[in-house]
Amino acid sequence: AGQSFGAVNGSVTFYDNENPLATVSGGSPSHYTAQSLTINSHNLTATYSGGGGGMASGSNTLSITVLQNQTISFPALNAQNYGDPAQDLLASSDSGLSVTYSTSTPSVCTPVALPSPYVNVLSVGSCSITASQPGSATYAPAPDITRTFTVGKSNQTIAFSWPNGIHFAGTQPF
């Protein structure tokens, strides 16, 4: 015949780097949500005290790193005509970490990093530039920001010069 087990009803203590976070009493399973871990590395464990239906036990260690969030500020890029002066790329991260640029429209434009970031326009069309910051040991990756602008045709001017020595009847040379 089948065997039944009594309810597990001891207490579970949750630890962060061997420092107690909380003790939860009652049935099984036990849950705890750590609301405010500091930015750093953490080794999380739990121990069960034992009681009605269970022996004392410990858990494996869960190692995590809590990173600080960061955001990118990236001003809008202006529409321009082919041949206009290059636009500077002025994105920055509130973490102070450097921002990189990429494009999803390489036939229309490309970002150039040095000497200071700017957009190199290659043809007429829609140009999309994405600013990224991949994070560090302290900061999580920032959400990418993409800016899109239109590159129009350049203005065309045609100038004619009057050929020397040619006059039409009744006209004076220009």
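Since the model is a prediction, treat every value here as computed from it, not as a measurement. (Residues numbered from 1 in each chain as written. Predicted model: local features only at pLDDT ≥ 70, side-chain atom pairs only at ≥ 80, totals over all residues. Heavy atoms only, no water.)

For this particular structure, what's the right way to read the overall build of the protein?
A count of helical and extended segments in the protein gives 0 helices and 13 strands. In the protein, which comprises 174 residues, the proportion classed as buried is 25%. Intrachain contacts of the protein at a sequence separation of at least 6 include 51% that bridge at least 24 residues. Element-wise, carbon and sulfur atoms account for 53% of the exposed surface of the protein, whose accessible area totals about 11,700 Å². (Helix = DSSP H or I, 4+ residues; strand = E, 2+ residues; numbered from the N terminus. Buried < 20%, exposed > 50% of the residue type's maximum accessible area, 1.4 Å probe, protein only. Contact = heavy atoms within 4.5 Å. Areas by Shrake-Rupley, 256 points an atom, 1.4 Å probe, with all protein chains shown as cover.)

What's the story with the pairing of strand β2 (residues 19–25) in this structure? I'm lost.
Looking along a regular strand, one sees the side chains alternate between the two faces of the sheet. Across 6 bridges, strand β1 (residues 11–16) lies against β2 in antiparallel orientation. Bridge assignment links Phe 14 to a residue of β2, and that residue is Ala 22. Here β1 folds back onto β2, and the loop between the two strands holds 2 residues, one of which, Asn 17, carries a positive phi near 50°. (Pairing = 2+ DSSP bridges.)

Where do I start with the state of the cysteines in this structure?
Here is the idea: a disulfide is a covalent bond, and it sits between the sulfur atoms of two cysteines. If you walk through the whole model with that rule in mind, you get 1 disulfide. Across a sulfur-sulfur distance of 1.9 Å, Cys 109 and Cys 127 are joined as a disulfide pair. Handedness here is read from the sign of the S-S torsion; for Cys 109 and Cys 127, about 90°, the answer is right-handed. Taken as a pair, Cys 109 in strand β10 (residues 109–112) and Cys 127 in strand β12 (residues 125–132) lie far apart in primary sequence, 18 residues in all. Comparing Cys 109 with Cys 127 shows no difference in burial state: the two are buried. (Disulfide = S-S within 2.5 Å.)

Would you explain unusual backbone geometry in this entry?
When glycine is set aside, most residues are seen to have a negative phi, and most peptide bonds are trans. That bond from Leu 114 to Pro 115 is cis: its omega, 5°, falls within 30 degrees of zero. Positionally, Pro 115 belongs in the loop between β10 and β11 (118–121). The backbone of Asn 17 sits at a positive phi, close to 50°, despite the residue not being glycine. Its place among the elements puts Asn 17 in the loop between β1 and β2.

Help me understand the sheet that holds strand β9 (residues 100–103), please; the structure alone is not making it clear to me.
Within a beta sheet, neighbouring strands are joined by backbone hydrogen bonds and run either parallel or antiparallel to one another. Reading across from one edge, β7-β13-β12-β9 is the order of the 4 strands in this open sheet, with mixed pairing throughout. Each edge of the open sheet carries a strand with a single partner, namely β7 (80–81) and β9. Where β12 meets strand β13 (residues 145–152), 7 bridges bridge the pair, whose relative direction is antiparallel. The partner of Ala 131 across the bridge, within β13, is Ile 145.

Looking at this model, I keep getting lost on the nonpolar core. Mind explaining?
Residues Phe 74, Tyr 101, Val 119, Cys 127 and Ile 129 are the most contacted members of the largest nonpolar core, which totals 18 residues. Residue assignment for this core shows that the elements contributing at least two residues are β11, β12 and β13. (Core = buried A, V, L, I, M, F, W, Y, C linked by side-chain atoms within 4.5 Å.)

Hey, could you run me through the environment of Val 121 in this one?
Considering the arrangement of structural elements, one finds Val 121 in strand β11. Each C-alpha atom of the pair Val 121 and Gly 83 lies 7.8 Å from the other, and the pair is 38 residues apart in sequence. Aside from chain neighbours lying at most four places away, what touches Val 121 is Gln 80, Tyr 82, Val 108, Cys 109 and Val 151.

Help me out: how do you make sense of the side chain of Ser 11 in this one?
Assignment of secondary structure puts Ser 11 in strand β1. Ser 11 gets classed as buried once you look at its relative accessible area, which sits at 18%. In this view, Ser 11 contacts Thr 23, Val 24, Ser 25, Thr 47, Tyr 48 and Ser 49; residues no more than four positions away in its chain are not counted.

Quick question: what am I supposed to make of the environment of Pro 141 here?
Positionally, Pro 141 belongs in the loop between β12 and β13. Linking Pro 141 and Asn 69, residues 72 residues apart in sequence, is a C-alpha distance of 7.5 Å. Once you skip the residues sitting within four places of it in the chain, Pro 141 turns out to touch Gln 70, Gln 133, Pro 134 and Gly 135.

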